[in-house]
2 protein chains.
Amino acid sequence: MSNDNYDEGMSLRMALLGLLTVSGPSSGYDLTKLFERSVNHVWQARHSQIYPELNKMAAGGLVVIEEEGPRGRKTYAVTEEGSRLLREWLLSAGPSRSIRDELALRAFLLPTLEPEEAVIALRDAARICEAKLAELEEIWRTKTQAGKGNFGRYALDLGMRQTRMFRDWARETAEEIERSIRS
Amino acid sequence: MSNDNYDEGMSLRMALLGLLTVSGPSSGYDLTKLFERSVNHVWQARHSQIYPELNKMAAGGLVVIEEEGPRGRKTYAVTEEGSRLLREWLLSAGPSRSIRDELALRAFLLPTLEPEEAVIALRDAARICEAKLAELEEIWRTKTQAGKGNFGRYALDLGMRQTRMFRDWARETAEEIERSIRS
DNA sequence: CTGATCATGTAATATGTTACATGATTGA
DNA sequence: TCAATCATGTAACATATTACATGATCAG
């Protein structure tokens, strides 16, 4: 039951399987923090969503409780079946774009503002990106020093590219609008 | 009640206010189609979500039923209050990135595959981007020809940049993995 | 012994998808 | 007349956020 032929919402499940695959057996608590530090740039999930999902996954045989630790800590590990499911999902491409990007939506609605105000909002956005980028670059430095493998590195690279791209768009669009104000 | 101090989920509301602002008074049916043809690239909503939301918005005084037409058709228009709310939302920046991007998530999880398979999936992703890019560029051409104003144009530009960025990332990452396979 | 962090969960509510349901109008 | 499209809605379910709730362990 739950989600077997319901392809949406598979994402959280896959994200968890992926994190478990790479980081090895982990608790829901670990996974919550891993989520925040890694996948978070493209997908969010809180502990209140992660814990029940792990229970469902365990019930479905995608993961097993490998060990029980100190304060009720449960360490999960991916099973053969979980591994197979993740692999299949990753290889089944499909041009299915399920995107929800609030920042892009804001961008989309920007032209409903007066040009002067749109410029202010765009400069704001660019400034936020700049800060974000500095943060990501700092992580990049610490990450490439320690030989922590490539997981997260590709995604981090993607995150930095994305942030740069958005910053540039915001700047250039602001300039374009300013030009059109003056003319 | 409903969502007043609940900042998530404000997005659908804002998208509808934005579309109404730009396209003028429209019905739920119109808005559903407008959604599909425009905002859809960054945010999705079905009619089953749009109709109830419009009713809530009308109850909250953000829109009014301006006219009732042929088959129960109701034409909504933005009120002063709705207009003000949209403007405030757009000007309240905040580094709040609420993103759910399935494609990026897949990318993130790629390193869990065998290198050879990851390369295949990356090439696949790049190919999909290429197709999407061609599609967006076609829209760009028809849009910049007809003087339909700047609505959608900034967002379309952003969409194209995003797609290009992702395609390049996929390609370059594929190449990097291939190099590491050979060594 | 005390505050920070580890660790797991549930409840209430909001958001989003699929499927179901109905009927009017238009154009061929 | 009949198929396509216009037009609105609800019901059941899945997904996600916020807040509530509890207690163990560790470091100073």
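What counts as what
- Residues numbered from 1 in each chain as written.
- Chains lettered and ligands numbered in written order.
- Predicted model: local features only at pLDDT ≥ 70, side-chain atom pairs only at ≥ 80, totals over all residues.
- Heavy atoms only, no water.
- Helix = DSSP H or I, 4+ residues; strand = E, 2+ residues; numbered from the N terminus.
- Contact = heavy atoms within 4.5 Å.
- Polar contact = N/O pair within 3.5 Å; in protein donor to acceptor, adjacent residues only side chain to side chain.
- Phe/Tyr/Trp six-rings, centres within 6.5 Å; stacked < 30°, edge-to-face > 60°.
- Buried < 20%, exposed > 50% of the residue type's maximum accessible area, 1.4 Å probe, protein only.
- Domains from an automatic or database assignment.
- Axes fitted to C-alpha atoms, helices over the stretch in contact; angles between N-to-C directions.
- Parallel < 35°, antiparallel > 145°, perpendicular 65-115°, else oblique.
- Left-handed = near helix turned anticlockwise from the far one by under 90°.
- Nonpolar A, V, L, I, M, F, W, Y, C, P; charged D, E, K, R; others polar.
- Least-squares fit on C-alpha atoms with pLDDT ≥ 70 in both.
- Pairing = 2+ DSSP bridges.
- Buried area = accessible area lost by both parts, 1.4 Å probe.

Digging into the environment of T112 of chain A
Turning to step 1, where the next piece is worked out: Take T112 of chain A: it is sitting in the loop between α5 (102–109) and α6 (115–145).
Turning to step 2, where the next piece is worked out: Leaving out residues up to four positions away in the same chain, T112 of chain A has contacts with G18, T21, V22, L86, L90 and F151 of chain B.
Turning to step 3, where the next piece is worked out: Engagement of the side chain of T112 of chain A in a polar contact is seen with the backbone oxygen of L109 of chain A, the distance being 2.7 Å.

Topic: the packing of aromatic side chains
Residues and elements named next belong to chain B.
Turning to step 1, where the next piece is worked out: In this structure the tally under the stated criterion is 2 aromatic pairs over all chains.
Turning to step 2, where the next piece is worked out: Geometrically, the ring pair formed by F166 and W169 is tilted, given 5.6 Å between the ring centres and 35 degrees between the ring planes. One end of the pair, F166, and the other, W169, are both in helix α7 (residues 153–182), 3 residues apart, so they sit about a helical turn from each other. Taken as a pair, F166 and W169 share a single burial class, namely buried.

Details of the domain arrangement of chain A
Turning to step 1, where the next piece is worked out: Each domain of chain A was delimited in the assignment, giving domain 1 (10–91) and domain 2 (102–182).
Turning to step 2, where the next piece is worked out: Its C-alpha centre places domain 1 of chain A at a distance of 30 Å from the equivalent point of domain 2 of chain A.

Points about the packing of helix α4 (residues 80–91) of chain A against helix α5 (residues 102–109) of chain B
Turning to step 1, where the next piece is worked out: At their nearest, the axes of α4 of chain A and α5 of chain B sit 10 Å apart, and the two run at 125 degrees to each other. In this view, α4 of chain A runs oblique relative to α5 of chain B, as classed from their interaxial angle. Seen from above, α4 of chain A lies across α5 of chain B with left-handed handedness. Note on element contacts: α5 of chain B touches α4 of chain A through E102, L105, R106 and L109 of chain B, opposite L86, W89 and L90 of chain A.
Turning to step 2, where the next piece is worked out: Of the residues in the contact of α4 of chain A with α5 of chain B, the class split is 5 nonpolar, no polar and 2 charged.

A look at the relation of the copies chain B and chain A
Turning to step 1, where the next piece is worked out: Overlaying chain B on chain A yields an RMSD of 0.6 Å, the required transformation being a rotation through 180 degrees with an accompanying axial translation of 0.2 Å. This pairing of chains is accounted for by a two-fold axis. Across chain B, the smallest distance between a C-alpha and the rotation axis is recorded for R100 of chain B, namely 2.3 Å.

Considering the pairing of strand β2 (residues 63–68) of chain B
All names here are of chain B.
Turning to step 1, where the next piece is worked out: When β2 meets strand β3 (residues 74–78), the two strands line up antiparallel, connected through 5 bridges. Within β3, the position partnered with E67 by the bridge is T75.
Turning to step 2, where the next piece is worked out: Taken together, β2 and the strand that follows it, β3, pair antiparallel across an intervening segment of 5 residues, in which G72 is found at a positive phi of about 70 degrees.

Here we look at the sheet that holds β3 of chain B
Turning to step 1, where the next piece is worked out: One open sheet holds the 3 strands; their spatial order is β1-β3-β2 (chain B), and the pairing between them is antiparallel. The sheet is open, and its two edges are formed by β1 (26–27) and β2 of chain B, each paired on a single side.

Focus on the interface of chain B and chain A
Turning to step 1, where the next piece is worked out: Taken together, the contact between chain B and chain A spans 62 residues of the former and 60 residues of the latter.
Turning to step 2, where the next piece is worked out: Summed over both partners, the interface of chain B with chain A comes to about 6700 Å²; 63% of that surface belongs to carbon and sulfur atoms.
Turning to step 3, where the next piece is worked out: Summed over the shared surface of chain B and chain A, the number is 21 residue pairs in polar contact (both at pLDDT 80 or more).
Turning to step 4, where the next piece is worked out: Among the elements of the structure, α1 (10–23), α4 (80–91), β4 (99–101), α5, α6 (115–145) and α7 of chain B are those that each provide at least two residues to the side of chain B that touches chain A.
Turning to step 5, where the next piece is worked out: For the side of chain B that touches chain A, the per-class residue count stands at 31 nonpolar, 15 polar and 16 charged.
Turning to step 6, where the next piece is worked out: Taken together, the 3 bridges between strand β3 (residues 99–101) of chain A and β4 of chain B define a ladder with antiparallel strand orientation. Paired with R100 of chain A across the strands is R100 of chain B, a residue of β4 of chain B.

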